[in-house]
Amino acid sequence: MVQRKKPEVRDAILDGAFRLFAKHGYATTTLAAIAKSAQVSPGNVYIYFGSKLEILYAIYDPWLRARVQALEEELATIRSPRNRLRHLLGALWRDIPAEENGFLNNIMQAISVIDPEGYRSTLVHWLEERITALVTDALPPERRGRWRKARLAHVLIMAFDGFAIHRHLHPSKAAIDDATINAVAAMLIGE
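Residues numbered from 1 in each chain as written. Predicted model: local features only at pLDDT ≥ 70, side-chain atom pairs only at ≥ 80, totals over all residues. Heavy atoms only, no water.

Participant: Which parts of the structure should I look at to understand the nonpolar core?
Facilitator: Nonpolar side chains in soluble globular proteins tend to be buried together. Counting 63 residues, the largest nonpolar core has Ile13, Ile55, Trp93 and Ile131 as the members making the most contacts within it. Take this core: its biggest share by element is eleven residues, from helix α4 (residues 52-76). (Core = buried A, V, L, I, M, F, W, Y, C linked by side-chain atoms within 4.5 Å. Buried < 20%, exposed > 50% of the residue type's maximum accessible area, 1.4 Å probe, protein only. Helix = DSSP H or I, 4+ residues; strand = E, 2+ residues; numbered from the N terminus.)

Have a look at this one:
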């Protein structure tokens with residue numbers, strides 16, 4: 001008899017995993033703990049997901065996309081190029097790495113221990129495209145051409161990842177100060 005997947009069981013697994021990843025991190029969260037939090041057997045988890053990494057991707061991808069979409073909406077209301085860039089950099093380097101008890105760090109933990117062939121680059125490519133568009137849109141028109149072809153988004157995302165790790169290692173310390181955000185924004189604008 002074929003096991004019929006139930007959306008509510010899948011959702012319970014994802015909800016439980018999100019809570020556990022946010023509280024304990026990817027590395028210390030076990031599939032058994034995820035199953036227990038969803039009130040299913042560990043074997044049932046494998047009916048819905050092939051691995052703990054697959055569960056993380058199922059949570060992380062929509063979480064990050066929603067957060068970036070919200071950031072895009074926030075940036076659309078800010079007219080000053082300098083303030084838009086400051087808000088963008090603050091969100092990337094301070095706010096998002098701190099959200100949900102440093103949830104972003106879970107992806108760093110996961111990809112640091114997986115076989116490189118298990119890594120999905122789709123989300124990071126999407127993120128680079130979005131960040132490139134957000135930076136370009138925030139710049140004064142005369143500065144856009146200078147940065148459009150640069151792999152600036154790649155560098156900003158490497159810093160993003162670094163600040164997520166910093167947040168994990170030093171949760172009570174500020175990841176980055178306003179002076180650094182202001183300096184990078186000024187550099188991009190050409191001030």
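Participant: Where do I start with the pattern of salt bridges in this structure?
Facilitator: Per the counting criterion, the structure on display carries six salt bridges. Among the salt bridges present, the one from Asp178 reaches Arg94, with a minimum N-O distance of 2.9 Å. Residue Asp178 is found in helix α10 (residues 178-189), and its partner Arg94 is found in helix α5 (residues 81-102); the two are separated by 84 residues along the sequence. The class for Arg94 is partly exposed, based on a relative accessible area of 29%. When the shortest N-O distance is used, the salt bridge between Arg151 and Glu128 registers 3.8 Å. Placement of the pair is Arg151 in the loop between α8 (141-148) and α9 (152-169) and Glu128 in helix α7 (residues 122-138), with a sequence separation of 23 residues. (Salt bridge = Lys/Arg side-chain N within 4 Å of Asp/Glu carboxyl O.)

Participant: How should I be thinking about the environment of Leu88 in this particular structure?
Facilitator: Relative to the elements of secondary structure, Leu88 occurs in helix α5. Ignoring any residue separated from it by four or fewer positions in sequence, one finds Leu88 in contact with Leu71, Leu75, Ile131, Leu134 and Val135. (Contact = heavy atoms within 4.5 Å.)

Participant: Teacher, can you tell me more about the packing of α4 against α5 here?
Facilitator: Helix packing geometry: the angle between the two helix axes and the distance between the axes. Viewed as axis vectors pointing N to C, α4 and α5 meet at an angle of 150°, and their least axial separation amounts to 11 Å. By the criterion of interaxial angle, the relationship of α4 to α5 is roughly antiparallel. When the axes of α4 and α5 are compared, the crossing they make is right-handed. Taking contact as the criterion, the partners of Trp63, Arg67, Leu71, Glu74, Leu75 and Ala76 in α4 are, on α5, Arg84, His87, Leu88, Ala91, Asp95, Ile96, Glu99 and Glu100. Partitioned by chemical class, the residues of the contact of α4 with α5 number seven nonpolar, one polar and six charged. (Axes fitted to C-alpha atoms, helices over the stretch in contact; angles between N-to-C directions. Parallel < 35°, antiparallel > 145°, perpendicular 65-115°, else oblique. Left-handed = near helix turned anticlockwise from the far one by under 90°. Nonpolar A, V, L, I, M, F, W, Y, C, P; charged D, E, K, R; others polar.)

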